[in-house]
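# Survey of secondary and tertiary structure
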Amino acid sequence: EVQLVESGGGLVQAGGSLRLSCAASGFTFDDYAIGWFRQAPGKEREGVSCISSSDGSTYYADSVKGRFTISSDNAKNTVYLQMNSLKPEDTAVYYCAAANILGSLMLYEYDYWGQGTQVTVSS
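A brief look at the structure comes next. (Residues numbered from 1 in each chain as written. Predicted model: local features only at pLDDT ≥ 70, side-chain atom pairs only at ≥ 80, totals over all residues. Heavy atoms only, no water.)

With that settled, consider the sheet that holds strand 1 (residues 3-7). Taking strand neighbours across the sheet as the criterion, the four strands line up as 1-3-8-7 in an open arrangement whose pairing is antiparallel. Looking at the sheet topology across the chains shown, the edges are occupied by strand 1 and strand 7 (68-73). Neighbour to neighbour, the strand axes of the sheet diverge by 15° on average, direction disregarded. With six bridges joining them, strand 3 (residues 18-25) and strand 8 (residues 78-83) adopt antiparallel strand pairing. Directly across from Ser21, in strand 8, lies its bridge partner Tyr80. (Pairing = 2+ DSSP bridges. Helix = DSSP H or I, 4+ residues; strand = E, 2+ residues; numbered from the N terminus. Axes fitted to C-alpha atoms, helices over the stretch in contact; angles between N-to-C directions.)

The next subject is the side chain of Thr78. Tracing the backbone through its elements, the reader meets Thr78 in strand 8. Leaving out residues up to four positions away in the same chain, Thr78 has contacts with Ser21, Cys22, Ala23, Phe29, Ser71, Ser72 and Asp73. (Contact = heavy atoms within 4.5 Å.)

Each aromatic ring pair is described using two quantities: the centre-to-centre distance and the angle formed by the ring planes. Using the criterion set out here, one finds six aromatic pairs in the structure. Aromatic pair Tyr32 and Tyr112: ring centres 6.3 Å apart, planes at 45°, arrangement tilted. One end of the pair, Tyr32, is in the loop between strand 3 and strand 4 (33-39); the other, Tyr112, is in strand 10 (residues 112-113), with 80 residues separating them in the sequence. On the accessibility criterion, Tyr112 (31% relative accessible area) is partly exposed. Taking 4.9 Å as the distance between ring centres and 75° as the angle between the ring planes, the aromatic pair formed by Phe37 and Tyr110 counts as edge-to-face. With Phe37 in strand 4 and Tyr110 in the loop between strand 9 (92-99) and strand 10, this pair connects stretches of sequence that are 73 residues apart. Cluster of aromatic residues (ring-pair linked, three or more members): Phe27, Tyr32 and Tyr112. One residue, Arg19, lies across the ring of Tyr80, its end atom 3.9 Å from the ring centre. (Phe/Tyr/Trp six-rings, centres within 6.5 Å; stacked < 30°, edge-to-face > 60°. Buried < 20%, exposed > 50% of the residue type's maximum accessible area, 1.4 Å probe, protein only. Lys NZ or Arg CZ within 6 Å of the ring centre and 35° of its normal.)

Another aspect to go through is the pattern of salt bridges. All told, the structure shown has four salt bridges when counted by the stated rule. With a shortest N-O distance of 2.9 Å, Glu46 and Arg38 are connected by a salt bridge. For Glu46, a relative accessible area of 38% gives the class partly exposed. According to the relative accessible area criterion, Arg38 is buried, its value standing at 6%. The partner of Arg38 in a salt bridge is Asp90, with the nearest N and O atoms 2.9 Å apart. Pair noted here: Arg38 is in strand 4 and Asp90 is in the loop between strand 8 and strand 9, with a separation of 52 residues, a long-range link. For the pair Arg38 and Asp90, one class covers both residues: buried. Salt bridges sharing partners connect three or more residues here, namely Arg38, Glu46, Arg67 and Asp90. (Salt bridge = Lys/Arg side-chain N within 4 Å of Asp/Glu carboxyl O.)

What follows is the structure, encoded as structure tokens:
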């Protein structure tokens, strides 16, 4: 069974930090890109960051560049999203997803999705 499980969300003040984790199982991890997406109430789901488990290449949405860092521990089949200098507009449910591609933030490329973890940033 393919499974992606996010963890690490919570409530923080603006300027604070959180580290999200995505634990993957049930597929060949090294053949997939892992992406982080987020969805705020009333808004479309949007790409945040992604990483290729095979070559380590990364991509970030302009809104999070310089604040968020994605990383991968292939031995643990786990991807992390370090979120620094958080802003209220970062408030959303964050989802981890897997795609059988090198790397992309396009929603339609992703085959498997986790359950999401809530991130709330107060003013």
